[in-house]
Amino acid sequence: MASIIDPASAKSLIQEYQQQNAAPGGPAIKTHEGHHLHGFFIDRQSLEAILSNPKAVGVSLYFAKHPDFVGAASNHFTVIHVAAEPNTALGVTAPYINTGDAYCDPPPPCPPNCGTIQQ
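Residues numbered from 1 in each chain as written. Predicted model: local features only at pLDDT ≥ 70, side-chain atom pairs only at ≥ 80, totals over all residues. Heavy atoms only, no water.

Draft legend 1. Region of the structure containing unusual backbone geometry. Each neighbour pair has its own omega, and for proline 111 with proline 112 the value is 10°, a cis peptide bond. By the element assignment, proline 112 lies in the segment after β5 (109–110). If you check the backbone angles, alanine 28 has positive phi at about 50° while not being a glycine. Looking at where alanine 28 falls in the secondary structure, it is placed in the loop between α1 (7–22) and β1 (39–40). (Helix = DSSP H or I, 4+ residues; strand = E, 2+ residues; numbered from the N terminus.)

Draft legend 2. Highlighting the sheet that holds strand β4 (residues 96–103). Taking strand neighbours across the sheet as the criterion, the 3 strands line up as β2-β3-β4 in an open arrangement whose pairing is antiparallel. At either end of the open sheet lies a strand with only one pairing partner, and these are β2 (58–65) and β4. Adjacent strand axes in the sheet meet at a mean angle of 40° when their direction is disregarded. (Pairing = 2+ DSSP bridges. Axes fitted to C-alpha atoms, helices over the stretch in contact; angles between N-to-C directions.)

Draft legend 3. Structural view of the side chain of asparagine 21. The topology assignment puts asparagine 21 in helix α1. For asparagine 21, a relative accessible area of 1% gives the class buried. (Buried < 20%, exposed > 50% of the residue type's maximum accessible area, 1.4 Å probe, protein only.)

Draft legend 4. Region of the structure containing the confidence of the model for the protein. Overall, the predicted model of the protein reaches an average pLDDT of 86, with 96% of residues at or above 70. No element of the protein has a lower mean pLDDT than β5, which averages 80, and none a higher one than helix α2 (residues 44–51), which averages 92. (pLDDT = per-residue confidence, 0-100.)

Draft legend 5. Region of the structure containing the state of the cysteines. Taken as a whole and assessed by the stated rule, the structure comprises 1 disulfide. Each sulfur in the disulfide pair cysteine 110 and cysteine 114 lies 1.9 Å from the other. On the sign convention where negative is left-handed, the bridge of cysteine 110 and cysteine 114, at about 100° about the S-S bond, is right-handed. Using a relative accessible area of 10% as the deciding quantity, one classes cysteine 110 as buried. When its relative accessible area of 41% is taken as the criterion, cysteine 114 is described as partly exposed. Free of any disulfide, cysteine 104 has its nearest neighbouring cysteine sulfur in cysteine 110, separated by 17 Å. With a relative accessible area of 33%, cysteine 104 lands in the partly exposed category. (Disulfide = S-S within 2.5 Å.)

Draft legend 6. Highlighting a nonpolar patch on the surface. Together, Leu51, Val59 and Leu61 line one region of the surface with nonpolar side chains, adding up to about 260 Å² of accessible area. Counting through the fold element by element, leucine 51 comes out in helix α2. Residue classification places leucine 51 among the partly exposed residues on the basis of a relative accessible area of 49%. (Patch = residues over 30% accessible without salt bridge, like charges linked within 9 Å, V, L, I, M, F, W, Y side chains within 5 Å. Areas by Shrake-Rupley, 256 points an atom, 1.4 Å probe, with all protein chains shown as cover. Salt bridge = Lys/Arg side-chain N within 4 Å of Asp/Glu carboxyl O.)

Here's what the structure looks like:
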C-alpha cells in the first residue's frame, strides 16, 4: 500500500525527477507538444469506472508510446491505466492481472496540465 509523504518531500522528489529528465544526457521524456514531461492528469471518471470493478485492488499505470508518435524514435509517451486484480493463478510471477477497459485518453500531460502540491 502506498505511503503518505509530507508535501515538502513530495515537492523535492518531483523537482529532482524534473531536473534529471531535463538534464543533458537525461532520459528527456517529452510530452506530445515537446515539453519535458513532469506527469499526467488522470480524470476522476476513468478512475471511478476502473474502481467500480469489485475485484479491483488498485490501478496499474503503464508508460506507452503517445498515439501521435507511433513508430517515431522520439521519446513522446503517455500512460495507460487499467484495473488491477489479484492474480490467483497457480505458478505465475505477476501478482496482478489487468481487466476491463484500458484507458488512454491520452491523459493530458504536465505541462501544461500541472497541479501544485499545497503544504
